[in-house]
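Here's the letter readout for the chains.
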Amino acid sequence: LCLFSCTNKSKKIIIKGDIDGLKNDMILVYGADKNGDALDTIYAKDGEFIYRAPVDTFTQVTLLFKNMEECVIFADKGDKVKISGDISSPDLLKVDGGDLNDEMNSFKESIADISKSTSKLKKEIYSSYISGNQTKYDELLQSPELIKAAKGIKEKAAAFIRSHTSSLVSVYLLNKYFVQEKNPDIAAIKELSNKLSGS
């Protein structure tokens, strides 16, 4: 029984969060299984939470906050990670624990100024979405400020990929900022993916 218990513990990832401004919000979690499609929920209390999930291999876990912003975490069985920062900039939350999370933090630091410059606009976009004001929502998504910021972040993502050709963070960034676009730039995707190497 003791050995079985120890084995179970070693196959879990533990995610601790201490996020300013999060309060008692609910967070959606997906990816914490071998297929990458498990869905779960975290209930924060005064901005703090602890989430445990059984995994049998390396995985990418994504936390989705109520403002539709996400935070990605790279973890393997037995890993413990900590998330900190401010919920007003969820795309800049710091994840401590592991080399890949350090690399992701490095990318986040490179886009911090761009991201912060659009924080007010993102709040307006979220408010218009929640209120059902589709016209305003569409207009805000096409605002020159947001388009310029998105272009700047894509340039930073491309630079990161070119300088981290064997990193799984590069695969994530390629998917997030290039593949998942409404009108993907196929030439850019091919150019960047051809630079990737390793397993």
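Look a little higher up for the structure.
1. Considerations on a negative patch on the surface
Link 1 in the chain: Side chains of Asp18, Asp20, Asp46, Glu48 and Asp86 sit close together on the surface and give a patch of like negative charge.
Link 2 in the chain: Residue classification places Glu48 among the partly exposed residues on the basis of a relative accessible area of 47%.

2. Things to note about the sheet that holds strand β1 (residues 12-20)
Link 1 in the chain: Spatially, 4 strands are ordered β4-β1-β7-β8 in an open sheet, and the strand pairing comes out mixed. Only two strands of the sheet have a single partner each, and these edge strands are β4 (48-54) and β8 (94-96). Neighbouring strand axes in the sheet, compared pairwise and without regard to direction, differ in orientation by 20° on average.
Link 2 in the chain: Both β1 and β4 contribute to a ladder of 7 bridges, which runs antiparallel. Opposite Ile14, over in β4, you have Arg52 as the bridge partner.
Link 3 in the chain: Helix-sheet contacts for helix α2 (residues 99-110) involve β7 (80-86) and β8, and the interaxial angle to β8 is about 160°.

3. Looking at the packing of α2 against helix α7 (residues 168-179)
Link 1 in the chain: Interaxial distance between α2 and α7 falls to 9 Å at its minimum, and their mutual angle equals 45°. Of the possible angle classes, the one that applies to α2 and α7 is oblique. Contact residues: α2 offers Leu100, Glu103, Met104 and Phe107, while α7 offers Leu168, Val169, Tyr172, Leu173 and Tyr177.
Link 2 in the chain: Of the residues assigned to the contact of α2 with α7, the class counts are 8 nonpolar, no polar and 1 charged.

4. Here we look at unusual backbone geometry
Link 1 in the chain: One non-glycine residue, Lys23, adopts positive backbone phi at about 60°.
Link 2 in the chain: Positionally, Lys23 belongs in the loop between β1 and β2 (26-30).

5. Considering the nonpolar core
Link 1 in the chain: Residues Ile15, Phe49, Leu63, Phe65, Ile73 and Ile83 are the most contacted members of the largest nonpolar core, which totals 23 residues.
Link 2 in the chain: Counting only elements with at least two residues in this core, the list comes to β1, β2, β4, β5 (59-64), β6 (70-75) and β7.
Link 3 in the chain: Membership of the second largest hydrophobic core comes to 22 residues, among which are Leu100, Val169, Ala188 and Ile189.

6. A closer look at the pattern of salt bridges
Oppositely charged side chains may form a pair once their charged atoms are brought near each other.
Link 1 in the chain: Tallied over the full model, the rule gives 8 salt bridges.
Link 2 in the chain: Across the pair Asp25 and Lys66 runs a salt bridge, and its minimum N-O distance is 3.8 Å. With Asp25 in the loop between β1 and β2 and Lys66 in the loop between β5 and β6, this pair connects stretches of sequence that are 41 residues apart.
Link 3 in the chain: Residue Asp25 is classed as buried on the basis of its relative accessible area, which comes to 18%.
Link 4 in the chain: Using a relative accessible area of 53% as the deciding quantity, one classes Lys66 as exposed.

7. Looking at helix α8 (residues 186-193)
Link 1 in the chain: Where α8 is concerned, the buried positions are Ala188, Ile189 and Leu192. Axial view of α8: buried residues confined to an arc of 100°, hence all on one face. Those residues of α8 that are exposed and aimed more than 90 degrees away from the buried face are Ala187 and Lys190.
Link 2 in the chain: Close packing links the buried residues of α8 with α6 (144-163) and α7.
Link 3 in the chain: The opening residue of α8 is Asp185, an N-cap whose side-chain oxygen sits 3.2 Å from the backbone nitrogen of Ala187.

What counts and how
Residues numbered from 1 in each chain as written. Predicted model: local features only at pLDDT ≥ 70, side-chain atom pairs only at ≥ 80, totals over all residues. Heavy atoms only, no water. Patch = residues over 30% accessible without salt bridge, like charges linked within 9 Å, V, L, I, M, F, W, Y side chains within 5 Å. Areas by Shrake-Rupley, 256 points an atom, 1.4 Å probe, with all protein chains shown as cover. Salt bridge = Lys/Arg side-chain N within 4 Å of Asp/Glu carboxyl O. Lys, Arg positive; Asp, Glu negative; His and termini not counted. Charge placed at Lys NZ, Arg CZ, Asp CG, Glu CD. Buried < 20%, exposed > 50% of the residue type's maximum accessible area, 1.4 Å probe, protein only. Pairing = 2+ DSSP bridges. Helix = DSSP H or I, 4+ residues; strand = E, 2+ residues; numbered from the N terminus. Axes fitted to C-alpha atoms, helices over the stretch in contact; angles between N-to-C directions. Contact = heavy atoms within 4.5 Å. Parallel < 35°, antiparallel > 145°, perpendicular 65-115°, else oblique. Nonpolar A, V, L, I, M, F, W, Y, C, P; charged D, E, K, R; others polar. Core = buried A, V, L, I, M, F, W, Y, C linked by side-chain atoms within 4.5 Å. Arc of directions from axis to C-beta. Polar contact = N/O pair within 3.5 Å; in protein donor to acceptor, adjacent residues only side chain to side chain.

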